[in-house]
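# Tertiary structure, described
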Amino acid sequence: MGHDIEADLVLILSLIMEAKHVMELIQKLGTNALNSNLHITLPYSATNEDVRPHYRCGNETFHLWDFQTEENPYARLPSCSNIQESLMVYVNYTSFYDLLECDSETEMAIASKISNGYKQLSCYMSASCIMTNYEIHNCNENYQRTRRNINNVYIGYSVTIACNTTKHDTQTCYYGLANAVAEMKSLENNGQSFNILLGNNTYHIKQNQSTSDSWLMCPSGSIANVAFCVPCSIGHYLSIEECLPCSVGTYQLLTGQTFCFVQREQLLEELAQFLYMIVTNQLQLMKQTLVRIVSNV
């Protein structure tokens, strides 16, 4: 009986010491949170001055934009980021034939023309581009069934060509793919390269119907800007190909990031609440131990 009471008293003493230590830690955290000097760079939008032809931001401005606003009286915010090379440049080219019906023979004929046309491109011959994908439009059995009553739905194709900027410089890729589009149009206009013969009929590419678009693969945390990539700036993060400002209560002190950190003050507050819960549980345990001691006396 006496041994049990002695053990309980030792337990109470240890709980009191732990609670005291935790309470001191909570007070310290609270003081540090109040004294925190963490400053977050916020984005600034429209200026209060007339729009200039050009704004500068780089080494000569210490990577700070050179405009002034009421919030930015000394023209020191926000910071800017150096552009980066992309990882890959892609171009997608689409054309349509003056052809309304399609079967497996037609599909094979078009696929063959795509392959032969690609191999005539300058970037293919210089090994600076690759065909990553092609697709033949409106040419499967299910689609053919659903479009029988639809007029003027033509058979076409798309081809995607890419250039690796980590192996070739941006200029080589940019102009190489632009030339590839021009060469594809020239091959189509010449007729022989892309004309397909089905039975007794020859089908041609529809003139002035071709379209193209391009895009970049950027490093993580960056967005595309013409032929280069721009890292998301301080106080921002990448979300679905867009740099968004960190939400209230979060921050990011680096460029090119995909997330924001929770502010230190909020972390400290959550930690203090957690420690307070520990103290509360310890006090409850002390109460239960005291009740047991009294009942055993």
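Bear in mind that the values here come from a model prediction, so they are computed numbers and not experimental data.

Secondary structure assignment for the protein yields 6 helices and 12 strands. Classification of the 297 residues of the protein by burial places 36% in the buried group. Considering only contacts within the protein whose residues lie at least 6 apart along the sequence, 60% involve residues at least 24 apart. Approximately 18900 Å² of the protein is accessible, and the part contributed by carbon and sulfur atoms is 54%.

As a further point, take the sheet that holds strand β2 (residues 130-137). Ordered in space as β2-β3-β1-β6, the 4 strands form an open sheet in which the pairing is antiparallel. At either end of the open sheet lies a strand with only one pairing partner, and these are β2 and β6 (211-217). The mean angle between the axes of side-by-side strands here comes to 15°, regardless of whether they run parallel or antiparallel. In the sheet, strand β1 (residues 88-96) pairs with β6 via 7 bridges, with the strands oriented antiparallel. Each residue of the ladder has a partner; that of Y90, found in β6, is W215. Each of β2 and β3 (156-164) is contacted by helix α2 (residues 104-118), which is oriented at about 155° to β2, the strand it contacts most. Of the strands in this sheet, β1, β3 and β6 touch helix α5 (residues 170-190), which is tilted by about 10° from β1.

The general pattern is negative phi for most residues beyond glycine and trans for most peptide bonds. Phi is positive for I240, close to 50°, though the residue is something other than glycine. A positive phi angle is found at E241, which is not glycine, with a value near 60°. Within the element layout of this structure, E241 appears in the loop between β9 (236-238) and β10 (243-245).

One can find A162 in strand β3. For the pair formed by A162 and M88, sequence separation is 74 residues and the distance between their alpha carbons is 6.7 Å. Excluding residues that lie within four positions of it along the chain, A162 makes contacts with M88, V89, Y90, S128, C129, I130, T132 and L177.

Here is what the cut-offs are and how they apply
- Residues numbered from 1 in each chain as written.
- Predicted model: local features only at pLDDT ≥ 70, side-chain atom pairs only at ≥ 80, totals over all residues.
- Heavy atoms only, no water.
- Helix = DSSP H or I, 4+ residues; strand = E, 2+ residues; numbered from the N terminus.
- Buried < 20%, exposed > 50% of the residue type's maximum accessible area, 1.4 Å probe, protein only.
- Contact = heavy atoms within 4.5 Å.
- Areas by Shrake-Rupley, 256 points an atom, 1.4 Å probe, with all protein chains shown as cover.
- Pairing = 2+ DSSP bridges.
- Axes fitted to C-alpha atoms, helices over the stretch in contact; angles between N-to-C directions.

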